[in-house]
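# Observations on chain architecture
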Amino acid sequence: MRRWFLRVIAIMAMLSWLLSSVAAQQPQPNGLQQLNPETETVLTMELSSQFGRIVYVSGLKPGHNNQSLYSINADGTDRIKLNPALSSEDLRLDYGLQLSADGKNVIYIARHSNDSQRQLYTVPITGGTPRLLSLNLPANSQITGFSRNPQFATLIYHVSSRNAQNMSVYSVYSVNLDGSNHQTLFENVHSVNGGYFASDGSAFLIEIQATNEADRIIYRVNPLTGAKVALDQYALNSSIYQYAQINQTHILYTTTFSETGHPAGLYAVAHTSVTPTLLFASNAINSFYLGDTMAAFTADHRLHSVRLSDGLVTNLSSQHTDPEGQVRSFQITPDGQTVIYTYAATYTGFTGLWSIPSVGGTGIRLDQPEEDYPVNYNFFLSPDSSRVVFVTNNLMSVPVDGSQPQVQINNNSYGRVNIPSIEITPDSSKVVYRALSGNTMQHALLSTPIDGSARPLALNSLVPFVSGHPDFDALSGPIPFRISNDSSFVVFRGGTVADGYRNVYATRISTEQARVYIPITSK
């Protein structure tokens, strides 16, 4: 009996191991694959890396009629329609498409083809009945947007409507993805900006103006309970999009005017407090960047860092003595140890790339100056904080500590690198980017090792690659492709410029699965 029992335990353990192995082995594309049928044109798409599935919205050719929402494995198998008609009419999707934090659910905005009212739905990525989340909307109201929680199965959404004076007013609601805990957070206010979640999902930041004559007020809201705290009625004289940020411990914001006892400058509010702390008094705060434990900001184009735990401010620009020199852009590395920035001195007008410890010290010039090719203000940090990728006349990479010289990582057979369309893989090993394809003026999608140790590879072969018209392409951010969390494959939209139709493709990033090798013609 005991021997039989031990055998059962062993068999169960083996079955558990096999099931976990199957779950871990997500479907992978078999080379370069078109995932949608030729009868459809793809309007937008997203990738659930947790499940290796692509979600996309398509319409039937010609035009974009009979729009549908599908999910499909990266290898082209198991295509599922996610939006069966909720009535006798077809749904028209309004491309506000996002995935839940766990990748299990699709959140989207849709409307009936003969009804102008937009509604908010969610549906499991593996199929099921869509759930209506926006409950009891008045007939004259519309969903204007939503933000999903990065950690929890909840979201907030905005609704616009008309009041008795026929003026636009806005309301904000929160709801769990299972439809429970529907809460009214703000109702019939004059304006709403933001709805930014902290990375741990514990709070979100929103700016409310109750009436046309009222002050804008920053609120910190608990997305699970709906509890909200007004932080500062003097906070902004402009949009929250430019002047306020949130992380898992603090909200930072700037004011550009002074009130009695409330000078202009950069302020912080800890999530455990309701009292703002002045970090730096100045009416010339240009911008700031909020990391996990440190923040960086420029005041009168001079760079500073601030330690969030105690508010210690350090001047990082002391070695730049040119009184008219300017820090143009800056970021903190993910580990919080280093600030990377671009700086232009007036006597040359040339912009260079610099690195300095976030706690202060001596800055290091990372780029090798070329008079005709200054560093572009946009640069990209690897997730492991080891390297920075930047653009001059070519795509370059260099260690953040300056321990090695810069290397060119793009291919001169292709023309101009499209700067917004650059992304580093999650494992920090490769760079995926878009460039013009020689004389054809079509876009190529390429991958290359971040350290320049091998030549770039064309991932889209002969498929024309397009970023998409803004009316079509609803990808969050300017990057019109998605990289899997395991850094193994990329999903992108492509098509011919002539007919305007778009398909969704998946392809491996690895060199073993490369479709085309392109020699580097010059360095």
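Reading guide: rules and limits
- Per chain, residues are indexed from 1 in the order of the written sequence.
- In keeping with the model being predicted, local features are shown solely for residues with a pLDDT of at least 70 and side-chain atom pairs are shown and tallied solely at 80 or more, while totals for entire chains, interfaces and linings include all residues.
- Excluding hydrogens and water, the side-chain figures rest on all heavy atoms present in the structure.
- Helix and strand assignments follow DSSP, with helices taken as H or I runs no shorter than four residues and strands as E runs no shorter than two, numbered in order from the N terminus.
- In this scheme, a residue with accessible area under 20% of its type's maximum is buried, one over 50% is exposed, and one in between is partly exposed, where area comes from a 1.4 Å probe on protein chains only.
- The distinction between a cavity and a pocket rests on a 1 Å grid over the protein atoms alone: a 1.4 Å probe fits inside a cavity but cannot get out, while a pocket stays open yet meets protein on both sides within 12 Å along at least five of seven lines, and a residue with an atom within 4 Å of a point counts as lining.
- Grid points are joined across faces, edges and corners, and a volume is the space filled by probe spheres set on the points.
- Nonpolar residues are Ala, Val, Leu, Ile, Met, Phe, Trp, Tyr, Cys and Pro. Charged residues are Asp, Glu, Lys and Arg, and all others, Gly as well, are polar.
- The criterion for strand pairing is that DSSP finds at least two bridges linking the strands in question.

So, about unusual backbone geometry. Phi is positive for Ser-385, which is not a glycine, with a value near 65°. Looking at the secondary structure, you find Ser-385 in the loop between β30 (379–381) and β31 (387–391). Despite not being glycine, Ser-428 has its phi angle at roughly 65°, a positive value. Note on placement: Ser-428 falls in the loop between β34 (417–424) and β35 (430–437). A relative accessible area of 7% places Ser-428 in the buried class.

With that settled, the discussion passes to empty space enclosed by the protein. On inspection of all chains with the given rule, the structure shows one cavity of 30 Å³ or more. What the largest cavity holds in volume is close to 40 Å³. Along its surface, the largest cavity is lined by Phe-350, Asp-367, Gln-368, Pro-369, Glu-370, Tyr-373, Val-375, Phe-390, Thr-392 and Gln-406. When grouped by side-chain class, the residues that make up the lining of the largest cavity number five nonpolar, three polar and two charged.

Now for the pairing of strand β27 (residues 338–344). The side chains of a regular strand alternate between the sheet's two faces. Judged by how many residues are buried, β27 sits mostly within the fold: seven of seven residues are covered. Relative to β27, strand β26 (residues 326–332) is paired through six bridges, and the arrangement is antiparallel. Considered in β27, the bridge of Phe-330 is made with Tyr-341. Two successive antiparallel strands, β26 and β27, enclose a turn made up of five residues, where Gly-336 displays a positive phi of approximately 75°. Sheet analysis places β27 next to strand β28 (residues 351–357), joined by seven bridges and oriented antiparallel. The residue of β28 that forms the bridge with Thr-338 is Pro-357.

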